[in-house]
Amino acid sequence: DARVTQTPRDKVTEMGQEVTMRCQPILGHNTVFWYRQTMMQGLELLAYFRNRAPLDDSGMPKDRFSAEMPDATLATLKIQPSEPRDSAVYFCASVSSFGEQFFGPGTRLTVL
Amino acid sequence: GENVEQHPSTLSVQEGDSAVIKCTYSDSASNYFPWYKQELGKGPQLIIDIRSNVGEKKDQRIAVTLNKTAKHFSLHITETQPEDSAVYFCAAEAGYSTLTFGKGTMLLVSP
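Since the structure is predicted, the reported quantities are computational estimates derived from the model, not experimental observations.

Caption draft 1: View of the interface of chain A and chain B. Residue-level contacts link 19 residues of chain A with 17 residues of chain B. The contact between chain A and chain B buries some 1400 Å² in all, and 53% of this surface belongs to carbon and sulfur atoms. The largest contributions to the chain A side of the interface with chain B come from L43(A), Q101(A) and F103(A), which together make up 30% of the buried area. Taken together, the links from chain A to chain B amount to zero salt bridges. Taken together, the links from chain A to chain B amount to four residue pairs in polar contact (both at pLDDT 80 or more).

What follows is the structure in structure tokens.
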């Protein structure tokens, strides 16, 4: 049963700390999206990659967020330094060859 | 860019009733329209999608209709069950597989 995995599932940290979230896309999917979900803003696109190359990261605050895809099985989203307003659920999604996006279970981030 | 409006924001029905959620989009170039179901504490799950070359698609109790001229599409759930209770999101493809999502509809099915 192929599925997207994300770690950690929950993260509580203090303001100013570095946070790294990881995503393993479905094997064979070469496009990966990062989203942030909050009650106020809904689902926001942060960045996405195709064949490990970043295509668009205009949705991310550049001064503190960075996204990478060091290999085909791992995508990372890093926040440094974290702020309380970054508290949200972060999802990654991988895309099939038919264009269907499959979401991971999310990382719930709380910044105190 | 693409803009997707979704209505209603909440919907309460009795078990066995039908539920309809409607979305409109702005970009006439959009050609892929998925629907997602999100249960509490989980990621959005793709439940059905439709492409612009068809007007309707059905999968058991759920169906989606698309009117490209009017730029709107709808999700229909028949014979609703309590386990259908969740938040449902529509989306439209804005190019390069990127999706623009509606704000979501919270569906509550009462036994």
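Caption draft 2: Focus on the side chain of T107(A). Residue and element names in this part refer to chain A. Mapped onto the fold, T107 is located in strand β11 (residues 107-111). T107 sits in the buried class, given a relative accessible area of 0%. With residues near it in sequence (within four places) discarded, T107 still touches Q6, T7, P8, R9, M21, A88, V89 and Y90.

Caption draft 3: Highlighting the nonpolar core. Counting residues in hydrophobic clusters, the biggest one holds 24 residues, and the most contacted among them are W35(B), F73(B), L75(B), Y88(B) and L107(B). Among the secondary structure elements, those contributing two or more residues to this core are β2 (10-14), β3 (19-25), β4 (32-38), β5 (45-51), β7 (62-67), β8 (72-77), β9 (86-95) and β11 (105-110) of chain B. M21(A), I26(A), L77(A) and Y90(A) belong to the second largest nonpolar core, which has 22 residues in total.

Caption draft 4: A look at the sheet that holds β3(B). All names here are of chain B. Taken in spatial order, the five strands make up an open sheet running β1-β3-β8-β7-β6, and their pairing is antiparallel. Across the chains shown, the open sheet's two edge strands, defined by having one partner strand only, are β1 (4-7) and β6 (56-59). Shown here is a sheet whose adjacent strand axes are inclined to one another by a mean of 15°, direction ignored. When β6 meets β7, the two strands line up antiparallel, connected through four bridges. Paired with K57 across the two strands is V64, which belongs to β7.

Caption draft 5: Quick look at the pattern of salt bridges. Residues and elements named next belong to chain A. Taken as a whole and assessed by the stated rule, the structure comprises nine salt bridges over all chains. R64 serves as the salt-bridge partner of D86, at 2.6 Å between the closest nitrogen and oxygen. Of the two residues, D86 sits in the loop between β8 (74-79) and β9 (88-95) while R64 sits in the loop between β6 (53-56) and β7 (65-71), which places them 22 residues apart along the sequence. In this structure R64 comes out as buried when scored by relative accessible area, which is 7%. With its nearest N and O atoms 2.5 Å apart, the salt bridge here joins R85 to E83. Residue R85 is classed as exposed on the basis of its relative accessible area of 62%. Judged by relative accessible area, which is 22%, E83 ranks as partly exposed. Shared partners join several salt bridges into a network, and the residues in it are R64, E83, R85 and D86.

Caption draft 6: Examining unusual backbone geometry more closely. T7(A) connects to P8(A) through a cis peptide bond whose omega is -10°. Structurally, P8(A) is set in the loop between β1 (5-7) and β2 (10-13). In this structure, the amide linkage connecting H7(B) to the following residue, P8(B), adopts the cis form with an omega of -5°. On the secondary structure map, P8(B) appears in the loop between β1 and β2. Its identity is not glycine, yet Q60(B) carries a phi of approximately 55°, on the positive side. Considering the arrangement of structural elements, one finds Q60(B) in the loop between β6 and β7. Although it is not a glycine, E79(B) adopts a positive phi angle of roughly 45°.

The rules behind these values
- Residues numbered from 1 in each chain as written.
- Chains lettered and ligands numbered in written order.
- Predicted model: local features only at pLDDT ≥ 70, side-chain atom pairs only at ≥ 80, totals over all residues.
- Heavy atoms only, no water.
- Contact = heavy atoms within 4.5 Å.
- Buried area = accessible area lost by both parts, 1.4 Å probe.
- Salt bridge = Lys/Arg side-chain N within 4 Å of Asp/Glu carboxyl O.
- Polar contact = N/O pair within 3.5 Å; in protein donor to acceptor, adjacent residues only side chain to side chain.
- Helix = DSSP H or I, 4+ residues; strand = E, 2+ residues; numbered from the N terminus.
- Buried < 20%, exposed > 50% of the residue type's maximum accessible area, 1.4 Å probe, protein only.
- Core = buried A, V, L, I, M, F, W, Y, C linked by side-chain atoms within 4.5 Å.
- Pairing = 2+ DSSP bridges.
- Axes fitted to C-alpha atoms, helices over the stretch in contact; angles between N-to-C directions.

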